[in-house]
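Now for the letters of each chain:
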Amino acid sequence: MEIWLEKLFQKLERKFDAECSRIGDKIPYRTEDGEYKTDYAEKNMNWWTNGFWPGILWQMYHATGKESYRQAAEGVERKLDRALWGFIGLHHDVGFMWLHSAVADYRLTGNTESRNRGLLAASILAGRYNPAGRFIRAWNPDCVEEGQDCTGWIIVDSMMNIPLLYWASKEVEDPRFYYIAKNHADTVRRTLVREDGSCGHIACLNPDTGELEKILAGQGYSETSSWSRGQSWILYGFALSYRYTGDPVYLDTAKKTAHYVIANAALTDYVPLCDYRQPANPAYLDASAGLCTACGLLEIAEHVGAEEKHLYREHAERIVKAIAETCCDWEPGRDSIVQNCKVDYHSTGDRQTDLIYADYFLAEAVLRLMGKEFLIW
Ligand code: GLY
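What counts and how
Residues numbered from 1 in each chain as written. Predicted model: local features only at pLDDT ≥ 70, side-chain atom pairs only at ≥ 80, totals over all residues. Heavy atoms only, no water. Helix = DSSP H or I, 4+ residues; strand = E, 2+ residues; numbered from the N terminus. Buried < 20%, exposed > 50% of the residue type's maximum accessible area, 1.4 Å probe, protein only. Contact = heavy atoms within 4.5 Å. Areas by Shrake-Rupley, 256 points an atom, 1.4 Å probe, with all protein chains shown as cover. Lys, Arg positive; Asp, Glu negative; His and termini not counted. Charge placed at Lys NZ, Arg CZ, Asp CG, Glu CD. Salt bridge = Lys/Arg side-chain N within 4 Å of Asp/Glu carboxyl O. Core = buried A, V, L, I, M, F, W, Y, C linked by side-chain atoms within 4.5 Å. Polar contact = N/O pair within 3.5 Å; in protein donor to acceptor, adjacent residues only side chain to side chain. Near = heavy atom within 4 Å. Nonpolar A, V, L, I, M, F, W, Y, C, P; charged D, E, K, R; others polar. Phe/Tyr/Trp six-rings, centres within 6.5 Å; stacked < 30°, edge-to-face > 60°. Lys NZ or Arg CZ within 6 Å of the ring centre and 35° of its normal. Axes fitted to C-alpha atoms, helices over the stretch in contact; angles between N-to-C directions. Parallel < 35°, antiparallel > 145°, perpendicular 65-115°, else oblique. Left-handed = near helix turned anticlockwise from the far one by under 90°.

Looking at the overall build of the protein
(1) Moving on: Secondary structure assignment for the protein yields 14 helices and 5 strands.
(2) Moving on: Over its C-alpha atoms, taken along the principal directions, the protein stretches across nearly 55 × 45 × 45 Å.
(3) Moving on: The burial tally for the protein puts 62% of its 377 residues in the buried class.
(4) Moving on: Of the contacts formed within the protein by residues at least 6 apart in sequence, a portion of 70% connects residues at least 24 apart.
(5) Moving on: Element-wise, carbon and sulfur atoms account for 48% of the exposed surface of the protein, whose accessible area totals about 14,400 Å².
(6) Moving on: Positive and negative side-chain charges of the protein, numbering 41 and 54 respectively, have mean locations separated by a distance of 2 Å.

See below:
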């Protein structure tokens, strides 16, 4: 094992041990004054990031065997039942929420109650499929500005939700879920991925035909720009769709996006900008995009030959090292590790913040590099 990775893992473990004893089964998102003061179980049970803390806990349980991680993860999973049974308010991000909680639990422990939760979440996701347009609807009216009709909207983030469908298809030995996922991936590729490997965030489709009507900037700088976290969702998401379908077009899409992202991330010493085509100032960074990219590059590395593997692993390492050295708070007395993230290019309340999913992708990337990860997607 390389020494830098071992040292990095020790720092992660110290930090997550301390956080786990402080917050247990509360649901964190962002810190206030270095503390996870807001419990999302109280604030917004349907929030899309509510699975990432249990995702961290299951990764750490798998890597260390410590019961404290498992107990906290089980606690969050039970709390999420309120969202699952509540149903109203859930949208396509049920993948992020239940892959990291119930499905992870089932995969690691065989808990059949967790399996049921995962299958129910997959059914909710499949229920959002529009067969005429061959896409999974992203959001509900309460997710968008008043007056906007999001019936035909899809977003790149969805590529990380559809592994829930690939899992369910295999689990119940029924290809329905698989075909929904695959048709959706094809629509995302057709409408949002550009020739040069960059991508848009939101595609507005005609809900009766699936025809592309317009692209929206979403969390990026503009409709023709290149939001870096969206790029990482595409890169990693298509690599995962390749894992589950074996369709070579998906691997090519992941690689094309990866080459575009690597070239851009290199320009800022491997800590990505919030948008690869944003104006020079302010130079917002988004470390969360870098870490998700690193995990995606390591996923691609699993599906290519030895000569290419090196390219993807080498760049994943550069990103992880750069972020671990320049963007992280390793003090166990304070909550959250990765700083220098950005939720949305244009929002003003989040100039360089921490985000729970950045910490999740840091943990996954380090464990992947060590060969100790557990595939949560
Ligand atoms: N899925 C929303 C985001 O990446 O911020």
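Let's talk about the pattern of salt bridges
(1) Moving on: For the coordinates displayed, the defined rule picks out 28 salt bridges.
(2) Moving on: Here Lys66 ties to Asp17 by a salt bridge, and the two come within 2.7 Å at their closest N and O atoms. Remark: Asp17 occurs in helix H1 (residues 3–23) and Lys66 occurs in the loop between helix H3 (52–64) and helix H4 (67–79); sequence separation between them is 49 residues.
(3) Moving on: Between Glu314 and Arg318 there is a salt bridge, and its shortest N-O distance comes to 2.9 Å.

Remarks on the nonpolar core
(1) Moving on: Grouped together as the largest cluster of nonpolar side chains are 131 residues, with contacts concentrated most on Trp98, Leu165, Val338, Phe361, Leu362 and Trp377.
(2) Moving on: No other element matches helix H14 (residues 356–370), which puts 12 residues into this core.
(3) Moving on: Counting residues in each nonpolar core, the second largest holds 8 residues, with Val144, Trp153, Ile155 and Cys204 among its members.

As for the side chain of Gln219
(1) Moving on: Positionally, Gln219 belongs in the loop between strand E5 (212–216) and helix H10 (228–245).
(2) Moving on: Within the structure, Gln219 has its side chain in polar contact with the backbone oxygen of Val343 (distance 2.9 Å).
(3) Moving on: Apart from the residues within four sequence positions on either side, Gln219 is in contact with Asp157, His201, Trp227, Arg229, Val343, Asp344 and Tyr345.

Regarding the site of the ligand
(1) Moving on: In the neighbourhood of the ligand, the contacting residues comprise Trp48, Asp157, Gln219, Trp227, Arg229, Trp233 and Tyr357.
(2) Moving on: Note that a nitrogen atom of the ligand is positioned 2.6 Å from one of the side-chain N or O atoms of Asp157.
(3) Moving on: Classifying every residue of the shell around the ligand gives 4 nonpolar, 1 polar and 2 charged.

Observations concerning the packing of aromatic side chains
(1) Moving on: In the structure shown here, the tally under the stated rule is 28 aromatic pairs.
(2) Moving on: Between the aromatic rings of Trp48 and Trp233, the centroid separation amounts to 6.3 Å while the plane-to-plane angle is 85°, which identifies the pairing as edge-to-face. In this pair, Trp48 is assigned in the loop between helix H2 (40–43) and H3 and Trp233 in helix H10, connecting sequence segments 185 residues apart. Each member of the pair, Trp48 as well as Trp233, carries the same accessibility label: buried.
(3) Moving on: Three or more aromatic residues joined by ring pairs make a cluster, and in this case those are Trp48, Phe52, Phe96, Trp233, Tyr236, Tyr357, Tyr360, Phe361 and Trp377.
(4) Moving on: Taking NZ or CZ as reference, Lys321 lies 4.6 Å from the ring centre of Trp4, over its face.
(5) Moving on: One cation-aromatic arrangement involves Lys342 over Tyr284; the distance from NZ or CZ to the ring centre is 4.6 Å.

Notes on the packing of helix H11 (residues 248–266) against helix H13 (residues 306–326)
(1) Moving on: At a minimum axis distance of 11 Å, the contact between H11 and H13 shows a crossing angle of 45°. As far as their axial angle goes, H13 and H11 are oblique. In this structure, H11 meets H13 at a crossing whose hand is left-handed. On H13, the residues touching Lys255, Ala258, His259 and Ile262 of H11 are Glu308, Leu311, Tyr312 and His315.

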